[in-house]
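# Observations on the three-dimensional arrangement
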Amino acid sequence: MPTLTVDGVRVHFGDTGGSGPAVLLFHAFPLSGEMWRPQVAGLRGRYRVLTPDLPGFGRSEPPRDPLASTVEGFARVGAAVLDACGVERAIVGGLSMGGYVTLAFARHFGPRVRALVLADTKAEGDAPALRARREEQQARIRAEGTGFLFAQMSEGLESAATLAHRPGVRWELRRLMDTSSHAGVIGALEAMKRRPDALAELPTVAVPTLVLVGSEDPVTTPAMARTLATGIPGAKLVEIPGAGHVTNLSAPGVFTAALSSFLWDVR
Ligand code: MLT
């Protein structure tokens, strides 16, 4: 499995290899690059799919100083992965926190972006109440670990329809969460808490963009997805009926089909 060192941290990434266009995908919180397994299976052979584990998630080392974590630092991990693979430009995307990192990547490495995929994510920065909640979560993790958060999140991210028809999704989410370290989770909360509001940047995005959202997403709502899609010139919006937050896992067929069709259009 390929690894590289970014800001002193050993980072693992998935790489399908191949000579097709590169697709760099950032994972959600508190999951890992492995969440993209259905899309890797669907795109392998036609695209070179690169799926980093951000510091402290999956097989990557924890950040040395979690409170110094930023979405820009996470975007640098993506740029280092492209460098290590000899890729100059890629289609760059992410889900939820991965979308925040994707927007940071576009801000800092714009010329390396061929197209954007923003799934179940938003441009708005954290409101004070959400920032305060993340701070409480950090304090509680320091005191008692991540179990309480993972229990809440594996139940709370998905729609009732998904949990009824695909009950295995909650266990899959929990399995991915359980590979995350305390330092990784505290660091990602810090990065999300401090990320800038990206609303003013949306009209400056000048590459093809796909916005995906579950119609029942309780975390990053369809209204937030519409803000992204109307703010970014020419963006395409796909709303997945009945799906909750982690749509690439809860509606993998619809998600991968929408992604494939978009990638075909921007080839
Ligand atoms: C995620 O799914 O990545 C997070 O729930 C996003 C967030 O907390 O803002």
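A few points on the structure. Counting starts from 1 at the beginning of each chain's written sequence and moves along it residue by residue. With the structure being a predicted model, the display of local features is reserved for residues of pLDDT at least 70 and the display and counting of side-chain atom pairs for 80 or more, all residues being used for whole-chain, interface and lining totals. The basis for the side-chain values is all heavy atoms of the structure; hydrogens and waters are excluded.

### Some details on the site of the ligand
The cut-off we apply is this: We call a residue near a given molecule or strand whenever any one of its heavy atoms falls within 4 Å of it. Nitrogen and oxygen atoms within 3.5 Å of one another constitute a polar contact, given that in protein one can donate a hydrogen and the other can accept it, and given that sequence-neighbouring residues count only through two side-chain atoms. Nonpolar residues are Ala, Val, Leu, Ile, Met, Phe, Trp, Tyr, Cys and Pro. Charged residues are Asp, Glu, Lys and Arg, and all others, Gly as well, are polar.
Contacts to the ligand come from A28, F29, S96, M97, Y100, R134, M153, M192, V219 and H245. A distance of 2.6 Å separates an oxygen atom of the ligand from a polar atom in the side chain of Y100. Within the contact set of the ligand, an oxygen atom lies 2.8 Å away from a side-chain nitrogen or oxygen of R134. Of the residues that constitute the shell around the ligand, the class distribution is 7 nonpolar, 2 polar and 1 charged.

### Here's the deal with the sheet that holds strand β8 (residues 236-240)
Our working rule: Paired strands, as defined in this entry, are two strands with at least two bridges between them according to DSSP. Helix numbers and strand numbers start at the N terminus; a helix is a DSSP run of H or I with at least 4 residues, a strand a run of E with at least 2. Note on geometry: axes are lines fitted to C-alpha atoms, helical ones only across the stretch in contact, with angles between N-to-C directions running from 0 to 180 degrees. Contacts are residue-level and defined by heavy atoms, with any inter-residue pair within 4.5 Å sufficient.
The mixed open sheet is built from 8 strands, whose spatial order is β1-β2-β4-β3-β5-β6-β7-β8. Here the strands that pair on one side only, and so sit at the sheet edges, are β1 (3-6) and β8. Across the sheet, the axes of successive neighbouring strands diverge by a mean angle of 25°, strand direction being ignored. As paired elements, strand β5 (residues 90-95) and strand β6 (residues 113-119) share 6 bridges and run parallel to each other. Bridge assignment links V92 to a residue of β6, and that residue is L116. Relative to β5, helix α3 (residues 97-108) is tilted by about 145°, and along the sheet it contacts β3 (22-26), β5 and β6. Packing against the sheet, helix α9 (residues 222-231) makes contact with β6, β7 (209-214) and β8, and its axis sits at approximately 170° to β7.

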